[in-house]
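Spelled out from the first residue to the last, the chains are:
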Amino acid sequence: MKPAPFEYHRPRTVEEGTALLAKYGDEAKVLAGGQSLVPLMNMRLARPANLIDINRIESLAYIRDDGRALRIGALTRQRAAERAPLVAERCPLLRDALRLVGHAPIRNRGTIGGSIAHADPAAELTAILVALDGEVTARGPKGTRVIAARDLFVSYLRTSLDPRELLTEVRIPALPAGAGWSWMEIARRHGDFALAGVGVVLAVRGRTIAEARIGLTGVGPTPVRAAEAERLLVGRSPSEDLWNAAAAAVRAAVTPDGDIHASAEYRTHVAGVLTQRALREAWERAREAA
Amino acid sequence: MTPRRITLRVNGTTYTAEAEPRKTLADFIREDCGLTGTHLGCEHGVCGACTILMDGQTVRSCLLFAVQAEGADLATVEGLADGDRLHPIQQAYWDHHALQCGFCTPGFLMTTVELLHDNPRPTEREIREGLAGNLCRCTGYQNIVKAVAAAAETLADAPGALRVTGAAAPSRATSAVAAPRKPRATPATSQRARRSGKTAKRRSGPKR
Amino acid sequence: MKIEGTNTLPASVETVWKAINDPEALRSCTPGLKELKAVGPDSYQATLQIGIAAVKGTYAGTLAITEKQAPTHYKITLEGTGGAGFMKGEGIVDLEPQGSGTLLKWTGDIQVGGLIAGVGQRMLGGVGKMLIGQFFKCLEDRLGGNA
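Parameters and conventions
Residues numbered from 1 in each chain as written. Chains lettered and ligands numbered in written order. Predicted model: local features only at pLDDT ≥ 70, side-chain atom pairs only at ≥ 80, totals over all residues. Helix = DSSP H or I, 4+ residues; strand = E, 2+ residues; numbered from the N terminus. Buried ≥ 20, exposed ≤ 12 C-beta atoms within 10 Å, placed from the backbone. Contact = placed C-beta atoms within 7 Å. Pairing = 2+ DSSP bridges. Axes fitted to C-alpha atoms, helices over the stretch in contact; angles between N-to-C directions. Nonpolar A, V, L, I, M, F, W, Y, C, P; charged D, E, K, R; others polar. Domains from an automatic or database assignment.

### So, the overall build of chain A
Item 1. Across its full length, chain A carries 12 helices and 14 strands.
Item 2. In chain A, which comprises 290 residues, the share counted as buried stands at 57%.
Item 3. The long-range share in chain A, meaning contacts at least 24 apart out of those at least 6 apart in sequence, stands at 64%.

Dropping the structure here:
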């Protein structure tokens, strides 16, 4: 299985990259990690006439802390982020989720920006971006703009990015000090796409939940923020009953499709179960941090 | 698509050839470098048979275009053995009957190299998870897991043995038993430019 | 894969019936339709280019309307083959008056095969529903303008 012919471009700067995108528009695809795009090209399901290889734009690979959030360059390899001390310290939820993205060779090439721009309905990073109210920066012919996570994911493999825009940075808010977190997903085999996945953050004051974040993947065309479940948790004290109630709210919030891998009923049910387990684990971690 | 000139290093030896940008790194390694130890299974990143090391990290060579590897340092299965001496990981696979047809094995070996480099004392679960990106149709995996555990033991007693050739120039293997294909070349012969026209065409000429 | 849905359209049953039989409406509302050529009464040759994001396939095939019971019921069949696979969809449409508008009920059976089905299994159902949803949204917009 070999890809169809294409014109190959290798810009060295973001400006060169956006100029190429402006020129070729939807006749071009950006090549970052290639772990999602190249399989499609090898099978000729995607045949971009122009491939814009951004892998030499070194200015796009970085991980910084701006005091409130991690600012991650779009080209940062998933493996690098998984191992970065800054990520472990400021957003361990991201680190834990990254460990479950595919397999090592996938993460050695796959990028943070690429995963988000690709918007697979079962991706981990998109759920985290949505749960933590992250943002991305995109540069295009009309200039630079910041897109909030809630405005970014439109549908299966579709974001609100224009084909002529290059995603340059991902901003993921750091977890509040002392917060507990948990990422849980279920798949038939380690490394498979999640049948359902959930990321939870609990900020705690004494025995009360001060803030709750719940983001899910694999349960619809885009990542789901379980706002109703979050509201249920804030101001309450942890208990099995509370976790059950939150799980029920999550089940009501998701509309997964069934397919040969798992039915809609299964995914809905398991989303609830994972939420309960994740809440329990997040609470444990918050207590340990106290 | 204009062919581009690509120069890269595999197992310490430099290769230069021309290829269309759409030629995958796996095909380039196999056809232009003549190193057919790297196998093509699914060609969409799932089976792991094409796994090699690029600049020290595992990658799916079927998901990279050769042009992307310009200037890179690659390690393939041919670089594991030292002449007649199998690499400890290969020896462990051999000892534990961790291969039958051998088609998936090069990918498993390169994955194991990185796995044990990153985690010299993996638990069984860590081994299974670390190998989860490689598919085998013959063995049922049990012996592969045993082999990796055994290799970890061996390497724990002999640090430095994990080293995979990047720097060492491959020597000529004379024994056929359990050894990888005769590695090519001294630098002199490997630097000739190879014309790569259409892909997947069997070339006539001296047998490699 | 079986899917179903309902749509409320802001027009009388007769108006909606005319719209869903009108080749112009079909031409402009069927997602990805590049060409629709009548080859007989209620029978058309169609070329579709559909997919999501970078994954697009071109399908050549036929669209036919059968089992007509004017003005409330028909069956619409769309099938096509292309490089990425084949697809066959059958939809049963029923119209009911609802207030001053119409309740449109549809059930569909879609089969997708070939490469796109193997690779895209995880998303086929959802994407299928989405495309059908787009069709009815477009119809709704057209009828909203005429009501």
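On we go from here.
### A short note on the sheet that holds strand β5 (residues 73–82) of chain C
Residues and elements named next belong to chain C.
Item 1. Ordered by their spatial adjacency, 7 strands build an open sheet running β1-β7-β6-β5-β4-β3-β2, and the pairing between neighbours is antiparallel. Edge positions in the sheet fall to β1 (2–9) and β2 (33–40), since each has one partner strand and no second. Going from strand to strand, the sheet's axes swing by 25 degrees on average, the running direction of each strand aside.
Item 2. In terms of strand pairing, β1 meets strand β7 (residues 101–113) through 8 bridges, oriented antiparallel. For Glu4, the partnering residue across the bridge sits in β7 and is Thr107.
Item 3. Across the sheet, helix α1 (residues 13–21) touches β1, β4 (55–69), β6 (85–98) and β7, and the angle it forms with β6 is around 165 degrees.

### What to know about the interface of chain C and chain A
Item 1. On the chain A side, the residues contacting the 17 residues of chain C number 21 residues.
Item 2. Of the residues forming the side of chain C that touches chain A, the biggest block, 11 residues, is contributed by helix α3 (residues 115–146) of chain C.
Item 3. Considered class by class, the residues forming the side of chain C that touches chain A number 12 nonpolar, 4 polar and 1 charged.

### Some details on the interface of chain A and chain B
Item 1. Contacts between chain A and chain B engage 23 residues on the former and 21 residues on the latter.
Item 2. Listed by contribution, the elements that provide at least two residues to the side of chain A that touches chain B are α2 (37–42) and α6 (104–109) of chain A.
Item 3. Ranked by the residues each element gives to the side of chain A that touches chain B, the list is headed by α6(A), at 5 residues.
Item 4. Partitioned by chemical class, the residues of the side of chain A that touches chain B number 11 nonpolar, 8 polar and 4 charged.

### Brief notes about the pairing of β7(C)
Residue and element names in this part refer to chain C.
Item 1. Of the strand pairs in this sheet, β6 and β7 are connected by 13 bridges, and their pairing is antiparallel. From the neighbouring strand, Pro97 faces β7, where its bridge partner is Thr102.
Item 2. Between β6 and β7, which pair antiparallel one after the other, the connecting turn spans 2 residues, and Gly99 there sits at a positive phi close to 60 degrees.

### A short note on the environment of B:Asp82
All names here are of chain B.
Item 1. Structurally, Asp82 is set in the loop between β5 (73–75) and α2 (88–95).
Item 2. Residue classification places Asp82 among the partly exposed residues on the basis of 15 C-beta atoms within 10 Å.
Item 3. Along the sequence, Asp82 and Gly107 sit 25 residues apart, while their C-alpha atoms lie 18 Å from each other.

### Observations concerning the domain arrangement of chain A
Item 1. Domain boundaries in chain A define domain 1 (7–53), domain 2 (58–172) and domain 3 (181–289).
Item 2. Computed over C-alpha atoms, the centres of domain 1 of chain A and domain 3 of chain A are 36 Å apart.

### Some details on helix α8 (residues 124–131) of chain A
Item 1. The element α8(A) is largely enclosed, with a buried count of 8 among its 8 residues.
Item 2. For α8(A), the set of buried residues is A:Glu124, A:Leu125, A:Thr126, A:Ala127, A:Ile128, A:Leu129, A:Val130 and A:Ala131.

### A word on unusual backbone geometry
Across residues other than glycine, the phi torsion is negative in most instances, and most of the peptide bonds are trans.
All names here are of chain C.
Item 1. The peptide bond linking Ala70 to Pro71 adopts the cis configuration, its omega dihedral lying at -10 degrees.
Item 2. With respect to the element layout, Pro71 can be found in the loop between β4 and β5.
Item 3. Even without being a glycine, Glu67 presents a positive backbone phi close to 50 degrees.
Item 4. Tracing the sequence through the fold places Glu67 in strand β4.

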